[in-house]
Amino acid sequence: MRKRVNDYFRTNNISKHANKSMVIKTIAMLTLFFAPLVMINIGLVGSPWLLFMLYITSGIGMAGIGMGIMHDAIHGSYSKHQKVNKYLGYTMNLIGANATVWKIQHNVLHHTYTNIEGADDDINAPFFLRFSPHAPKNRLHRFQHLYVWFFYGLSTISWVTAKDFIRLVRYRKMGFLDKKNEFRNQIIKIVGWKLLYYSYALIIPLLMVPMAPWIIILSFLSMHFVTGLLISIIFQVAHIMPGTEFPLPDADGVVEGDWSTHQLATTTNFSPKSRFFSWLIGGLNYQIEHHLLPNICHIHYKNLSSIVADTAREFGMPYQTKRTFAAAIMGHIGILRRLGKVRPIPIQ
């Protein structure tokens, strides 16, 4: 597969990194996020409804930055120049989260141990949610397919408040951030970036917008609810699906099979024919291609998908995909219901 992918880039004489379309997207998403906030911060808001709509628009831009800019940059696939990736990765910090924490959670844990209970942080959930057949069960889980959407909406507000600090402490205990003063320095950086974010996203609006503080705070929370819901759904329907597996390590801590096979067994694509949808969500509908080729910018995934799919089928390996995004959501709802039942579902 890698040989065929490399041949594709060599034959077409194109880079594996960002192209003009990616640069346009970067400018568009940054503008979509910052322009409404600028209007709010300088007081160009005449009504609560306009304030609400501006914050919601900024939330869509925030999701676009998360899925379409920082994701590639932190993977090192946006540019061949690592300084470009580093600085574009800071867009994660600009939207209130932290690039260092994300890199450990996503690049290291999620991409290495996909769908493995206790190791993949994307399926490590609070007690009221159950994303793996190996996670503890309780009576609340039978209703999780109904209330999970509310908590998806709270995911980014949790992220920009407490989650980064909680994860940083846990990752230090796991052996990360072990250089001298690294943990302390990261704490200082996280606090600094969050103060910057909250300054232009909430504090200045509270001072500049002539409206009741509760209206401004509610609009700010609505922005995050939209962002959290969009990002959570896109990422979760790629792995928590009826056809994906949830492997466990053996007594020696070893997971059976090789890494590439593991990625194919634990990942699902969706809505592969929609070019605009794929552009909008950072190519995350091609999760199989992303997990197998994280060093390649997502702008190329659609063209690479036929190579990956044909190679997988040639060697008798799974290549799971849902025809539409709606079908993916329905599949996600289905497995959430199954995971909520009293009896555990079988490992597929």
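Residues numbered from 1 in each chain as written. Predicted model: local features only at pLDDT ≥ 70, side-chain atom pairs only at ≥ 80, totals over all residues. Heavy atoms only, no water.

> Whenever I open this one, the overall build of the protein chain confuses me. Can you help?
Regarding its fold elements, the protein chain presents 15 helices and two strands. In terms of overall size, the protein chain behaves like a compact globule, its C-alpha atoms giving a radius of gyration of 21 Å where 348 residues would be expected to give roughly 20 Å. In terms of overall dimensions, the protein chain has C-alpha extents of about 65 × 55 × 45 Å along its principal axes. Counting only residues that meet the buried cut, the protein chain has 50% of its 348 residues in that class. Counting only contacts in the protein chain whose residues sit at least 6 apart along the sequence, the fraction spanning at least 24 positions is 70%. A gap of 8 Å separates the mean positions of the 35 positive and 17 negative side-chain charges of the protein chain. (Helix = DSSP H or I, 4+ residues; strand = E, 2+ residues; numbered from the N terminus. Rg over C-alpha atoms; globule rule 2.2 N^0.38 Å. Buried < 20%, exposed > 50% of the residue type's maximum accessible area, 1.4 Å probe, protein only. Contact = heavy atoms within 4.5 Å. Lys, Arg positive; Asp, Glu negative; His and termini not counted. Charge placed at Lys NZ, Arg CZ, Asp CG, Glu CD.)

> Which parts of the structure should I look at to understand the layout of surface pockets?
Empty pockets left among the atoms are what a rolling probe the size of a water molecule brings to light. As a volume, the largest pocket reaches approximately 780 Å³. Along its surface, the largest pocket is lined by 36 residues, and Ser155, Trp159, Lys163, Arg167 and Ser232 are the ones closest to its centre. Secondary-structure elements contributing two or more residues to the lining of the largest pocket are helix H3 (48–75), helix H6 (99–112), helix H7 (144–153), helix H8 (155–173) and helix H10 (213–236). The leading source of residues in the lining of the largest pocket is H8, at 10 residues. Of the residues that constitute the lining of the largest pocket, the class distribution is 20 nonpolar, 11 polar and five charged. Lining the second largest pocket are 22 residues; nearest its centre among them are Tyr90, Ala99, Thr100, Lys103 and Gln186. Of all the secondary-structure elements, those providing two or more residues to the lining of the second largest pocket are H3, helix H4 (82–89), H6 and helix H9 (182–208). At five residues, H6 tops the list of elements feeding residues into the lining of the second largest pocket. (1 Å grid on protein atoms, 1.4 Å probe; cavity = no way out; pocket = protein on both sides within 12 Å on 5 of 7 lines; lining within 4 Å. Points joined across faces, edges and corners; volume = space filled by probe spheres on them. Nonpolar A, V, L, I, M, F, W, Y, C, P; charged D, E, K, R; others polar.)

> I would appreciate a short explanation of the nonpolar core in the present structure.
Soluble globular proteins: nonpolar side chains tend toward being buried together. Met92, Tyr197 and Phe220 are the most contacted members of the largest nonpolar core, which has 65 residues in total. With 11 residues, the top contributor of residues to this core is H3. Contacts of Phe220, omitting those with residues within four sequence positions, involve Tyr55, Ile157, Tyr197, Tyr198, Ala201 and Leu202. Counting residues in hydrophobic clusters, the runner-up holds 16 residues, among them Val5, Tyr301, Leu304 and Ile307. (Core = buried A, V, L, I, M, F, W, Y, C linked by side-chain atoms within 4.5 Å.)

> What is the right way to look at unusual backbone geometry in this model?
Peptide bonds are, in most cases, trans, and in most cases residues other than glycine have a negative phi. Unusually for a residue other than glycine, Asn13 sits at a positive phi of about 55 degrees. With respect to the secondary-structure elements, Asn13 resides in the loop between helix H1 (2–12) and helix H2 (20–41). Overall, Asn13 belongs to the exposed group, its relative accessible area being 70%. In this structure, Asn115 takes a positive phi of about 65 degrees despite not being glycine. Take Asn115: it is sitting in the loop between H6 and H7.

> Would you mind going over empty space enclosed by the protein with me for this structure?
Here the structure, examined in full by the defined rule, presents one cavity of 30 Å³ or more. The space that makes up the largest cavity amounts to roughly 40 Å³. In this structure, the largest cavity is lined by His71, Asp72, His75, Ser77, Gly282, Leu284, His290, Pro294, Ile296, His298 and Tyr301. In terms of residue count, the dominant contributor to the lining of the largest cavity is H3 (three residues). A breakdown of the residues in the lining of the largest cavity according to their chemical character gives four nonpolar, six polar and one charged.

> Mind showing me how you'd approach the environment of Gly282 here?
The residue Gly282 is located in the loop between helix H12 (275–280) and helix H13 (287–292) in this model. The exposure class of Gly282 is buried, given its relative accessible area of 1%. Taking the C-alpha atoms as reference points, Gly282 and Pro247, separated by 35 residues in sequence, lie 27 Å from one another.

> Explain the pattern of salt bridges here, please?
Pairing is possible between side chains that carry opposite charge, provided their charged atoms lie close to one another. Within the structure shown, the criterion is met by six salt bridges. Linking Asp121 and Arg170 is a salt bridge whose minimum nitrogen-to-oxygen distance equals 2.9 Å. In this pair, Asp121 sits in the loop between H6 and H7 while Arg170 sits in helix H8, placing the two residues 49 residues apart along the sequence. The exposure class of Arg170 is partly exposed, given its relative accessible area of 32%. (Salt bridge = Lys/Arg side-chain N within 4 Å of Asp/Glu carboxyl O.)

> How do you make sense of the side chain of Thr311 when you look at a structure like this?
Structurally, Thr311 is set in helix H14 (residues 301–314). Looking at Thr311, its side chain comes within polar contact range of the side chain of Arg4, at 3.0 Å. Among the polar contacts listed, one links the side chain of Thr311 to the backbone oxygen of Ile307, at a separation of 2.7 Å. Ignoring anything within four residues of it in the chain, the contact list for Thr311 reads Met1 and Arg4. (Polar contact = N/O pair within 3.5 Å; in protein donor to acceptor, adjacent residues only side chain to side chain.)

> I'm lost on the packing of aromatic side chains in this one. Help?
Aromatic rings in a pair are described by how distant their centres are and how their planes are angled relative to each other. Tallying each qualifying case throughout the model produces 25 aromatic pairs. Each member of the aromatic cluster is reached from another via a ring pair, and the members are Phe33, Phe34, Tyr55, Tyr197, Tyr198, Tyr200 and Phe220. The positively charged end of Lys163 is found above the aromatic ring belonging to Trp159, 5.4 Å away from the centroid. Stacked on the ring of Phe183, the Lys or Arg Arg172 has its end atom at 4.4 Å from the ring centre. (Phe/Tyr/Trp six-rings, centres within 6.5 Å; stacked < 30°, edge-to-face > 60°. Lys NZ or Arg CZ within 6 Å of the ring centre and 35° of its normal.)

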